[in-house]
Amino acid sequence: MNQPTTPSVADRKRVRVHHLTEAKAAGEKLTMLTAYDGPTARIFDAAGVDMLLVGDSVGDNMLGHANTIPVTVDEMIVAARSVTRAARRALVLVDLPFGSYEASPAQAHATAVRLLKEGGAHAVKIEGGTRVAPHLRLMVESGIPVFGHLGFTPQSENTLGGHRVQGRGDDAAARLLEDALALEEAGACAVVLEMVPGPVAERVSAALTVPTIGIGAGTACDGQVLVWTDMAGMGPWSPRFARRFAEIGAALESAASDYVTAVRSTEFPAPEHTFET
């Protein structure tokens, strides 16, 4: 008698936290993109993206900041509401921004509660390893799914000396693995690995039961995430680890230029765009 098979994560009507571990066990690659507003969330959700990350990268991609550090909890809540209202299938996770969790597990818990209650988040993400394991544990024990984030952690860029690959060398690689295991032991449902050498990310992925989601961490991770503006070619450049799957920025600029020309030449609005009495 044939045993029933577990549906692929791609066939799920709503992606839940436990589906992520099932996907890893089945060897299915998971997909994640950032989203900061309703229109893009709706498009990515319809395209079949498994997870939408309301990242504090909203700071340097949408709000005009030089980095993620100035982003506030209130700004994250507004973005999270927009995304969770639009998403029908994808799991939506939201970053705890800088300064909203580091002081204590209680502070992290309070921020995460706001993101779920006011922002509608399905899960949250926290940067750091062993040092934040107690913070993560309290949130998980309270019923809040939590993703970890290791490697290059943007909120610590001033300490790390800028955008630098992390985990190079035996000692650094060992610390990264130790941090990943600490996050899993504390209850993390997945771990993002950013700007980590491919072989190191492969070792970490093999050691963990929960999925790893890579960004600049090679092909061996259990899934991949990109900032959507990098993926879609919205700006003049993208990081080395990002592939530009389209040139939406150039297309949008061209459309806006055509609009300006049409208005100035009185080509638009045309009769078909005008109401009659």
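As annotated in an unreviewed UniProt entry, the protein carries the name 3-methyl-2-oxobutanoate hydroxymethyltransferase and comes from Paraoerskovia marina. You can read under Function (unreviewed entry) in the UniProt record for the protein the words "Catalyzes the reversible reaction in which hydroxymethyl group from 5,10-methylenetetrahydrofolate is transferred onto alpha-ketoisovalerate to form ketopantoate." Entered under Pathway (unreviewed entry) in the UniProt record, the comment concerning the protein runs "Cofactor biosynthesis; (R)-pantothenate biosynthesis; (R)-pantoate from 3-methyl-2-oxobutanoate: step 1/2."

Undergrad: Describe the UniProt feature "active site" (unreviewed entry) in the protein, naming the residues involved and giving the relevant values.
TA: Those places that UniProt annotates as "active site" (unreviewed entry) correspond, in this numbering, to Glu-194. Examined against the element boundaries, Glu-194 turns out to sit in strand E6 (residues 190–194). Given a relative accessible area of 10%, Glu-194 falls into the buried group. With residues up to four places along the chain from it excluded, the contact list for Glu-194 reads His-149, Leu-150, Gly-151, Phe-152, Pro-154 and Ile-215. In terms of polar contacts, Glu-194 uses its side chain to reach the side chain of His-149, at 2.9 Å.

Undergrad: Give a detailed account of the pattern of salt bridges, specifying residues and quantitative values.
TA: Throughout the structure, instances matching the rule amount to 8 salt bridges. Note that Glu-118 is salt-bridged to Arg-114, the shortest N-O span being 2.8 Å. When its relative accessible area of 32% is taken as the criterion, Glu-118 is described as partly exposed. The salt bridge partner of Glu-185 is Arg-137, with a shortest N-O separation of 2.5 Å. One end of the pair, Glu-185, is in helix H8 (residues 170–186); the other, Arg-137, is in helix H6 (residues 133–141), with 48 residues separating them in the sequence. Look at Glu-185 and you get exposed, because its relative accessible area is 54%. Here the salt bridges do not stand alone but share partners, grouping Asp-74, Arg-114 and Glu-118 into one network.

Undergrad: Residues and numbers for the packing of H6 against H8, please.
TA: Look at H6 against H8: their axes get within 8 Å of each other, and the N-to-C directions meet at 25 degrees. Classified by the angle their axes make, H6 and H8 are roughly parallel. For the pair H6 and H8, the crossing hand works out as right-handed. Contact with H6, carried on its side by Ala-133, Leu-136, Arg-137 and Val-140, involves Ala-182, Leu-183, Glu-185 and Ala-186 of H8 and no other residues of that element. Tallied by class, the residues present in the contact of H6 with H8 amount to 6 nonpolar, no polar and 2 charged.

Undergrad: So what about the domain arrangement of the protein? Which residues, and what values?
TA: Partitioning the protein into structural domains gives domain 1 (13–246) and domain 2 (248–276). For domain 1 versus domain 2, the separation of C-alpha centres amounts to 39 Å. Every contact between the two is made by 4 residues of domain 1 and, on the other side, 4 residues of domain 2. In total, about 270 Å² of surface goes out of reach between domain 1 and domain 2, with carbon and sulfur atoms giving 71% of it. Connecting domain 1 to domain 2 are 2 residue pairs in polar contact (both at pLDDT 80 or more). Across the side of domain 1 that touches domain 2, the residue classes break down as 3 nonpolar, 1 polar and no charged.

Undergrad: Mind laying out the UniProt feature "binding site: 3-methyl-2-oxobutanoate" (unreviewed entry) in the protein, listing which residues take part and the relevant values?
TA: Here the UniProt feature "binding site: 3-methyl-2-oxobutanoate" (unreviewed entry) sits at Asp-56, Ser-57, Asp-95 and Lys-125. With the annotated positions falling across 70 residues, the maximum pairwise C-alpha distance of 12.5 Å places them together in a single cluster. Position of Asp-56 among the secondary structure elements: in the loop between strand E2 (51–54) and helix H3 (58–61). The residues touching Asp-56, leaving out its near neighbours within four places in the chain, are Thr-68, Val-71, Met-76, Asp-95, Pro-97, Glu-127 and Gln-155. Following the sequence through the fold, Ser-57 ends up in the loop between E2 and H3. Ignoring any residue separated from it by four or fewer positions in sequence, one finds Ser-57 in contact with Thr-34, Tyr-36, Met-62, Thr-68 and Val-227.

Definitions and limits used
- Residues numbered from 1 in each chain as written.
- Predicted model: local features only at pLDDT ≥ 70, side-chain atom pairs only at ≥ 80, totals over all residues.
- Heavy atoms only, no water.
- UniProt positions renumbered as here; feature names shortened; annotations may be inferred.
- Helix = DSSP H or I, 4+ residues; strand = E, 2+ residues; numbered from the N terminus.
- Buried < 20%, exposed > 50% of the residue type's maximum accessible area, 1.4 Å probe, protein only.
- Contact = heavy atoms within 4.5 Å.
- Polar contact = N/O pair within 3.5 Å; in protein donor to acceptor, adjacent residues only side chain to side chain.
- Salt bridge = Lys/Arg side-chain N within 4 Å of Asp/Glu carboxyl O.
- Axes fitted to C-alpha atoms, helices over the stretch in contact; angles between N-to-C directions.
- Parallel < 35°, antiparallel > 145°, perpendicular 65-115°, else oblique.
- Left-handed = near helix turned anticlockwise from the far one by under 90°.
- Nonpolar A, V, L, I, M, F, W, Y, C, P; charged D, E, K, R; others polar.
- Domains from an automatic or database assignment.
- Buried area = accessible area lost by both parts, 1.4 Å probe.

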